[in-house]
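# A structural walkthrough
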Amino acid sequence: MATNSPSIEVRGLTKTFGKFTALDHLDLKLEGGKCVGFLGPNGAGKTTTLKMLTDMIFPTAGECFVNGISVQKERKRALHVAGVLIESPEIYPSLTPTQALEMVADMRNMSHAERAVRIPAVLAEVKMSEWADEKVGKFSKGMKQRINIAAALVHDPEILMLDEPATGLDPRGMAEVRTIVRELKKQDRLIFMSSHILAEVTDVCDEVALINHGKLLFYDTLENVTSKFSHGQVSFDASFARPMTEAAMQVQLASTAGVQKIEQLDPRRFRIYYTGDLAGQAALLRQLSALEFDLVSFQESKSALEEVYLSQIDRGD
Amino acid sequence: MTLGLATDPTGVPASTPGTSVRRPLLRSWRQVLKLTRYQLRDYLFSRRFVLMMALVAIIGFILTAVVGYYRPPPFLGNSGSFYATFWGSGVTVVIIFAGVIFGGDAIAGEFQNKTGYFLMGLPVRRATVYVGKYLAAFIASLTAVVFFAGLLLANGAYYFGAGAFTADFFGSFALAIVYLLALLGAVFLFSSMFKTSTYATLITAVLFLFGFSLLQALIADLAHVTPWFILTYADTVIGGIFNTSCLSAPGTHVCMSPGPPGSPPITVTNATIAEGVGIMLAYFVITAILGLFLFEREEFT
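Quantities reported herein were computed from a predicted structural model and do not represent experimental measurements.

## Overview of the overall build of chain B
- Looking only at helices and strands, one finds 13 helices and 2 strands in chain B.
- A buried classification covers 49% of the 301 residues belonging to chain B.
- Put simply, 74% of the contacts in chain B that link residues at least 6 apart link residues at least 24 apart.
- Accessible surface for chain B amounts to roughly 13,600 Å². Of this, 71% is attributable to carbon and sulfur atoms.

Here it is, written out as structure tokens:
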């Protein structure tokens with residue numbers, strides 16, 4: 001049965017390839033306008049899940065639903081409202097980006113008036129307007145990926161399923177993808193995005209699901225995940241204008257509450273492992289600023305999500 | 001500019017958020033026609049189309065030059081003999097080449113080149129993709145057959161004037177179209193069986209250019225069994241419709257062909273027109289169903 005707010009759901013989703021279990025009874029329900037990051041190491045089952053959500057491969061057991069419609073039973077109706085980018089597809093080389101998007105728009109029953117607006121708009125959004133009438137066969141991997149992103153967006157989808165959308169893109173392209181995702185979130189779209197780039201997920205996603213060995217380790221808001229699994233521990237890198245020894249730094253912070261460990265990275269840089277709240281972090285920063293060695297920078301050495309990711313994946317392995 | 005809020009300078013209203021939800025689904029048969037159109041455009045503007053037309057031109061040129069230079073009397077005795085040899089043998093080769101060039105990688109290429117990931121993200125049934133691609137390959141191949149028929153009719157008009165345009169020729173043309181349907185059905189089946197275009201293309205070419213003919217000869221000569229189940233047995237009706245080499249009554253199963261001078265006639269087992277059409281249509285239906293069945297179950301791993 002169809003639902004009102006955008007939704008993606010997988011129930012008991014299992015996929016085996018011979019003796020190898022790629023996905024093991026995955027249950028996941030995403031609902032509402034938001035971006036959900038789908039994380040996991042290589043071979044964890046992310047792409048397998050997305051391929052079953054788009055009926056490119058078939059579950060050994062379980063079922064997938066888009067807006068309450070079974071993908072396995074009604075692929076056409078289920079994918080009607082979704083924009084899909086799986087595995088960096090190739091586009092027919094004889095087509096131009098405009099022709100490729102016209103084909104997508106045509107198959108999705110977009111009117112000529114809609115196409116006339118949307119195709120130039122999405123091409124502009126992915127910075128491919130000046131290549132609109134060149135044959136795709138000549139394009140680099142990154143340029144093709146931009147067209148694939150445009151193809152996923154051209155029909156103004158309510159739901160987006162993106163499998164590592166930044167693949168093949170340069171840093172500017174990656175930043176543009178993040179901007180696009182942020183814009184779509186503002187418009188209440190549900191975005192389900194697999195990614196290896198934790199900074200990207202931290203930047204744009206509201207929730208994260210982590211899988212490993214085909215099993216779901218957790219699915220929660222970014223805030224809950226980091227507070228639940230990091231136990232308040234973070235590490236900071238502090239850089240100074242003048243060199244100092246580790247022993248000197250130990251003395252300076254000996255009485256500071258929450259400091260667990262200090263590591264010297266080079267004569268001017270230290271990593272400080274800290275457990276405590278934001279007020280405590282502010283106090284630590286003030287204390288470091290007051291030192292005579294002239295603090296020049298103070299930042300988290302790893303993102304909180306990265307800490308959680310590594311700890312959970314290591315534990316699972 | 002933000003997606004979904006774009007405005008058009010001409011004043012066309014911009015797409016508003018969630019328009020994909022309100023847009024009605026396109027019927028599958030309309031998606032088939034649209035896909036056929038895009039696929040056909042891809043074929044017609046590709047190098048493979050130029051290659052196919054060049055092959056037809058070369059085959060036509062060689063046949064024209066040989067007939068024009070040697071002017072063999074049995075060949076030019078009447079338009080039936082002319083068509084039976086020139087068209088009957090030439091068009092099957094043209095159809096095999098067209099099938100290999102336009103159909104060999106039609107399905108396998110979607111997996112190998114990863115273009116299938118682009119298509120299968122769309123709200124389309126797999127059958128829609130299969131039928132759309134089949135129709136495009138059929139139309140592109142038919143263009144090559146029509147080109148070859150044009151070359152042949154030009155030759156026929158040169159040698160026989162208005163008498164070149166016989167009902168038998170148009171009947172044979174229709175049979176060639178049925179053969180094209182069957183051959184493409186088989187080609188698409190092979191293309192669905194493999195995820196590598198090369199295998200599908202090679203198997204089709206080898207089977208239809210040599211394999212089936214060899215098998216047919218072996219079965220007929222060694223086992224003395226009529227090889228009615230082989231497509232190349234059925235395709236003889238394309239030339240057989242002119243009934244120029246058969247001394248028996250037209251449409252009979254066993255045909256007495258004149259042997260070498262001084263020797264008795266040779267007994268040749270031929271398909272009748274009805275049998276030929278039946279076999280070719282059976283090939284088309286069975287291979288289409290099997291090919292579609294395989295494609296429906298093929299995974300984009």
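## Considering the sheet that holds strand β5 (residues 69-70) of chain A
All names here are of chain A.
- If you trace the 4 strands from one edge of the open sheet to the other, you get β2-β1-β4-β5, paired in antiparallel fashion. Only two strands of the sheet have a single neighbouring strand rather than two, namely β2 (20-31) and β5.
- The pairing of strand β1 (residues 7-17) with β2 spans 8 bridges and is classified as antiparallel. Directly across from Ser7, in β2, lies its bridge partner Glu31.
- Packing of helix α1 (residues 46-53) onto the sheet brings it into contact with β1, β2 and β4 (61-66), and relative to β1 it is tilted by some 115°.

## Looking at the side chain of B:Arg126
- Here B:Arg126 shows up in helix α8 (residues 126-160).
- Discounting chain neighbours no more than four positions away, the residues touching B:Arg126 are A:Asp55, A:Met56, A:Phe58, B:Met120, B:Phe295, B:Glu296, B:Glu298 and B:Phe300.

## Comments concerning the side chain of A:Gln312
Residues and elements named next belong to chain A.
- Looking at the element boundaries, Gln312 is found in helix α11 (residues 304-316).
- Gln312 sits in the buried class, given a relative accessible area of 8%.
- Excluding its chain neighbours within four sequence positions, the residues that come into contact with Gln312 are Leu210, Leu217, Phe218 and Phe229.

## Some details on α8(B)
- Its 35 residues give α8(B) an end-to-end C-alpha distance of 49 Å, which sits within 8% of 51 Å, the value for a rise of 1.5 Å per residue.
- Following α8(B) by one or two positions, B:Gly161 adopts a phi angle in the positive range, close to 65°.

## Examining the packing of helix α5 (residues 79-103) of chain B against helix α10 (residues 197-223) of chain B
Residue and element names in this part refer to chain B.
- At their nearest, the axes of α5 and α10 sit 9 Å apart, and the two run at 170° to each other. By the angle between their axes, α5 is roughly antiparallel relative to α10. Counted together, Ile96, Phe97 and Val100 of α5 and Thr201, Thr204, Ala205, Phe208 and Leu209 of α10 form the full contact between these two elements.
- Class assignment for the residues of the contact of α5 with α10 results in 6 nonpolar, 2 polar and no charged.

## Observations concerning the packing of aromatic side chains
Residues and elements named next belong to chain B.
- Across all of its chains, the model carries 31 aromatic pairs over all chains by this definition.
- Where Trp87 meets Phe173, the ring centres are 5.9 Å apart and the plane angle is 25°; that geometry is what we call stacked. Of this pair, Trp87 sits in helix α5 while Phe173 sits in helix α9 (residues 167-193), and the two are 86 residues apart along the sequence.
- When the centroid spacing of 5.4 Å and the interplanar angle of 85° are considered together, the rings of Trp228 and Phe229 count as edge-to-face.
- Site record: aromatic cluster; members linked through ring pairs are Phe82, Tyr83, Phe86, Trp87, Phe148, Tyr158, Tyr159, Phe160, Phe169, Phe170, Phe173 and Phe242.

## A closer look at the pairing of strand β7 (residues 159-163) of chain A
All names here are of chain A.
- Within β7, 5 of the 5 residues are buried, leaving the element largely enclosed by the surrounding structure.
- Burial of the side chains of β7 extends over both faces: Ile159, Met161 and Asp163 are buried on one face and Leu160 and Leu162 on the other.
- Pairing analysis gives 4 bridges linking strand β6 (residues 82-85) to β7, with the strands arranged parallel. Looking at the pairing, Ala82 lines up with Ile159 of β7.

## Looking at the interface of chain A and chain B
- At the junction of the two partners, chain A supplies 53 residues and chain B supplies 52 residues.
- With both sides pooled, the region where chain A packs onto chain B buries about 4,900 Å², and carbon together with sulfur makes up 60% of that total.
- Inspection of the chain A/chain B interface yields 5 salt bridges.
- In this structure, the salt-bridge partner of B:Arg37 is A:Asp106, at a minimum N-O distance of 2.8 Å.
- At the surface where chain A touches chain B, the tally comes to 27 residue pairs in polar contact (both at pLDDT 80 or more).
- For the side of chain A that touches chain B, the secondary structure elements donating two or more residues are β1, α2 (75-78), α3 (97-107), α4 (112-125), α5 (141-153) and α6 (171-186) of chain A.
- For the side of chain A that touches chain B, the element with the highest residue contribution is α4(A), accounting for 8 residues.
- Classifying every residue of the side of chain A that touches chain B gives 26 nonpolar, 9 polar and 18 charged.

## Some words on the sheet that holds strand β11 (residues 233-240) of chain A
Residues and elements named next belong to chain A.
- Across the sheet, which stays open at both edges, the 4 strands sit in the order β12-β13-β11-β14 with antiparallel pairing between neighbours. Taken across any chain shown, the strands that pair with only one partner, and hence form the sheet edges, are β12 (259-266) and β14 (295-300). Put simply, the sheet's adjacent strands are angled 20° from each other on average, direction ignored.
- Here 6 bridges tie β12 to strand β13 (residues 269-275), and the two strands are oriented antiparallel to one another. Within β13, the position partnered with Val259 by the bridge is Tyr274.

## Notes on α10(B)
Residue and element names in this part refer to chain B.
- Approximately 50° is the largest bend angle found in α10, and it occurs at Leu207.
- For α10, the full list of buried residues reads Ser197, Ala200, Thr204, Ala205, Phe208, Phe212, Gln216 and Ile219.
- Looking at the buried residues of α10, the elements they touch are α5, α6 (108-112), α9 and α11 (231-234).
- Residue His224 follows α10 closely and has a positive phi angle near 55°.

Reading the values: the criteria
Per-chain numbering applies: the sequence of each chain, read as written, is numbered from 1 onward. All chains are assigned letters beginning at A, and all ligands numbers beginning at 1, according to the order in which they are written. Residues qualify for local features only when their pLDDT is at least 70, as the model is predicted, and side-chain atom pairs are given and counted only at 80 or more; totals for whole chains, interfaces and linings, by contrast, use all residues. Side-chain measures were taken over the full set of non-hydrogen atoms in the model, leaving aside hydrogen atoms and water. Strands are runs of DSSP state E lasting at least 2 residues, helices are runs of H or I lasting at least 4, and numbering of each runs from the N terminus. The buried label goes to any residue with under 20% of its type's maximum accessible area, the exposed label to any with over 50%, and the partly exposed label to all in between, with areas taken from a 1.4 Å probe on protein chains only. The contact definition used throughout considers only heavy atoms, calling two residues in contact when any of these lie within 4.5 Å. Accessible surface is estimated by sampling points in the Shrake-Rupley manner with a 1.4 Å probe; for residues, cover comes only from the protein chains shown. Think of it this way: DSSP has to see at least two bridges between two strands before they count as a pair. A fitted line through C-alpha atoms serves as each axis, taken over the contacting stretch for helices, and the angle formed by two N-to-C directions is quoted from 0 to 180°. A helix's residues, less one, multiplied by 1.5 Å, set its expected span. Angle categories are assigned with fixed cut-offs, so that under 35 degrees is roughly parallel, over 145 is roughly antiparallel, 65 to 115 is roughly perpendicular, and the rest are oblique. Note on residue categories: nonpolar means Ala, Val, Leu, Ile, Met, Phe, Trp, Tyr, Cys or Pro, charged means Asp, Glu, Lys or Arg, and polar means any other residue, Gly included. Stacked, tilted and edge-to-face are the three classes applied to pairs of Phe, Tyr and Trp rings, where Trp contributes its six-membered ring and a pair requires centres within 6.5 Å; stacked means planes under 30 degrees apart, edge-to-face means over 60, and tilted covers the rest. Joining two parts hides part of their accessible area as seen by a 1.4 Å probe, and the buried area is that hidden amount summed over both. We define a salt bridge as a contact between a side-chain nitrogen of Lys or Arg and a carboxyl oxygen of Asp or Glu at a distance within 4 Å. For the purposes of these results, a polar contact is taken to be a pair of N or O atoms within 3.5 Å, where, inside protein, one atom must be able to donate a hydrogen and its partner to accept one; residues adjacent in sequence count only when each atom of the pair is a side-chain atom. Two axes enter the definition of the bend at a residue: one is fitted to the seven residues ending there, the other to the seven starting there, and the bend is the angle between them.

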